[in-house]
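Architecture and fold: a report
Here is how the chains run, residue by residue.
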Amino acid sequence: MQSNSPSLSPNVHAPSNEPININEPASVNYWLAALRCSELELRMAVAEVGTGARDVGTELGRAV
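A brief report on the enclosed structure follows.

Conventions adopted
- Residues numbered from 1 in each chain as written.
- Predicted model: local features only at pLDDT ≥ 70, side-chain atom pairs only at ≥ 80, totals over all residues.
- Heavy atoms only, no water.
- Helix = DSSP H or I, 4+ residues; strand = E, 2+ residues; numbered from the N terminus.
- Axes fitted to C-alpha atoms, helices over the stretch in contact; angles between N-to-C directions.
- Parallel < 35°, antiparallel > 145°, perpendicular 65-115°, else oblique.
- Contact = heavy atoms within 4.5 Å.
- Nonpolar A, V, L, I, M, F, W, Y, C, P; charged D, E, K, R; others polar.
- Left-handed = near helix turned anticlockwise from the far one by under 90°.

**Notes on unusual backbone geometry**
For residues that are not glycine, phi is negative in most cases, and the peptide bond is trans in most cases. Non-glycine residue Arg-36 carries a positive phi angle of around 50°. Here Arg-36 lies in the loop between α1 (25–35) and α2 (39–49).

Put into structure tokens, the structure is as follows:
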């Protein structure tokens, strides 16, 4: 399976504040699973704090 999403499994903590590509379905799907949230929650968090995965995880109250 090849995609543009991060190569981390959802159970592995992201080592950096890598960006979430909210316009790429594969990236969105990856982060929905990794952050255990809905697409609306993900998009609202990105709108609030930007695309950094660690920042979004913090906004959602979930470790990345």
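**Concerning the packing of α1 against α2**
Where α1 meets α2, the axes come as close as 10 Å, and the angle between the chain directions of the two elements is 100°. Classified by the angle their axes make, α1 and α2 are roughly perpendicular. On the side of α1, the interface is formed by Val-28, Trp-31, Leu-32 and Leu-35, while α2 contributes Glu-39, Leu-42 and Arg-43. Of the residues assigned to the contact of α1 with α2, the class counts are five nonpolar, no polar and two charged.

**Quick notes on the packing of α2 against helix α3 (residues 53–60)**
Two numbers describe how α2 lies on α3: the axes approach to 9 Å, and their chain directions differ by 115°. One element, α2, and the other, α3, form an angle in the roughly perpendicular class. Considering only the axes of α2 and α3, their crossing is right-handed. Residues Glu-41, Leu-42, Ala-45, Val-46, Glu-48 and Val-49 of α2 touch α3, and the partners they reach there are Asp-55, Val-56, Glu-59 and Leu-60. A breakdown of the residues in the contact of α2 with α3 according to their chemical character gives six nonpolar, no polar and four charged.

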